[in-house]
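Chain by chain, the residues run as shown.
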Amino acid sequence: MNGELKIFSGSANPALAADICRRMRTKLGSCLIDRFSDGELRIKINENVRGTDTFIVQPTFAPADNILELLMLIDAARRASARRITAVIPYFGYSRQERKDQPRVPISAKLVANLIATAGADRVLTLDLHAEAIQGFFDIPVDHLYAMPVIIRHIKRLGLRDLVVVAPDTGGANRARAFAKRLGANIPLAFIDKRRPMANQVEVLNVVGDVAGRHCLIVDDIMDTGRTLTKVAEILKRNGARDVYASATHPMLSGGAVECLNGSCIKQLVVTDTIPLGPEKRLPSIVVLSIAKLLADAIVRIHSERSVSSLFL
Ligand code: R5P
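Residues numbered from 1 in each chain as written. Predicted model: local features only at pLDDT ≥ 70, side-chain atom pairs only at ≥ 80, totals over all residues. Heavy atoms only, no water.

### Observations regarding helix H2 (residues 65–79)
- When the terminal C-alpha atoms of H2 are compared, their 21 Å separation across 15 residues agrees well with the 21 Å that a helix rising 1.5 Å per residue should span.
- For H2, the full list of buried residues reads Asn66, Ile67, Glu69, Leu70, Leu71, Leu73, Ile74 and Ala77.
- Structurally, H2 contributes buried residues whose contacts are with strand E1 (5–9), strand E2 (31–35), strand E3 (41–45), strand E4 (53–57), strand E5 (84–89) and helix H3 (108–119).
- Trailing H2 by a residue or two, Ser81 shows a phi angle of about 70°, which is positive. (Helix = DSSP H or I, 4+ residues; strand = E, 2+ residues; numbered from the N terminus. Expected span 1.5 Å × (residues − 1). Buried < 20%, exposed > 50% of the residue type's maximum accessible area, 1.4 Å probe, protein only. Contact = heavy atoms within 4.5 Å.)

Below, the structure is given as structure tokens:
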């Protein structure tokens, strides 16, 4: 596309934005993200963006100010006559209410998608949406990347034999199938019968599939309280699994997740850097993989109007 490429970052994950720029050998654009005395956000883009192809990097995990920052940066770029604005959202938050499965609940994923488009984004670049259908909540183009190639490279290096890929719930079945297919021709699958009696509570009832004597890799998109992965790991062990590995693209690790993980039988938890992990969350059993190169490659391709589908492999 015509127009200089510029990258800006909100304050949610500046280290990731800096890493993306480093890999692209480009400089992060300058912007001010400040607050008024009452806590309200105050934003300013500090350089000319007229006619540019502008990318704004901001994962939108809680608090909701992260979303507001993104919206305000998009608005600022639009009013400053950027030619095209891409919201780069490594983790698309508020995505876990993505359908009306009970009376009187919002579809927050659709609401946030509307806000992003209304603010003036022309495109979205995101990674491992909680549900594929969320792409369709946007009426602007969405490039949806997967962390799977990055995670699989790491898992292959571990050289695990007799591996079984485990979906921690029915919603994760397709993801687990895709992992198994790419990990090797004869890698079997197992599924967990998981229920949520209420938000943040997890009941793990049954393992469907044979895990006895095998190494297990549980694959999930999000680790929040850690209950899903740790309870699934426990039932796998009770069913005779050897070592249990787990991957979750987006590590919130909220509530008692760190304690949960500390006392768990998960040998290694593989996450990415879509959400920064504070030092208190950096346990020896956690491996953080960078998705900066994947996002940098996608930005370069989007800017030069080339396909991004080769990045899915
Ligand atoms: C659920 O549908 C998601 O894929 C994750 O399994 C869930 O968000 C993990 O949450 P927690 O770590 O709190 O169990």
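### Comments concerning the packing of aromatic side chains
- Applying the stated criterion across every chain, the model contains two aromatic pairs.
- A ring pair is formed by Phe92 and Phe138, whose centres lie 5.7 Å apart and whose planes are at 65°; its orientation type is edge-to-face. In this pair, Phe92 is assigned in the loop between E5 and H3 and Phe138 in the loop between strand E6 (123–127) and strand E7 (142–145), connecting sequence segments 46 residues apart. Here Phe92 and Phe138 have matching classes, each one buried.
- A centroid spacing of 5.5 Å and a plane angle of 80° characterise the contact between Tyr146 and Phe312, whose relative ring orientation is edge-to-face. Of this pair, Tyr146 sits in the loop between E7 and helix H4 (148–158) while Phe312 sits in the segment after helix H8 (292–303), and the two are 166 residues apart along the sequence.
- The class for Tyr146 is partly exposed, based on a relative accessible area of 23%.
- Overall, Phe312 belongs to the partly exposed group, its relative accessible area being 27%.
- Over the ring of Phe36 we find Arg42; its NZ or CZ atom is 5.9 Å from the centre of that ring. (Phe/Tyr/Trp six-rings, centres within 6.5 Å; stacked < 30°, edge-to-face > 60°. Lys NZ or Arg CZ within 6 Å of the ring centre and 35° of its normal.)

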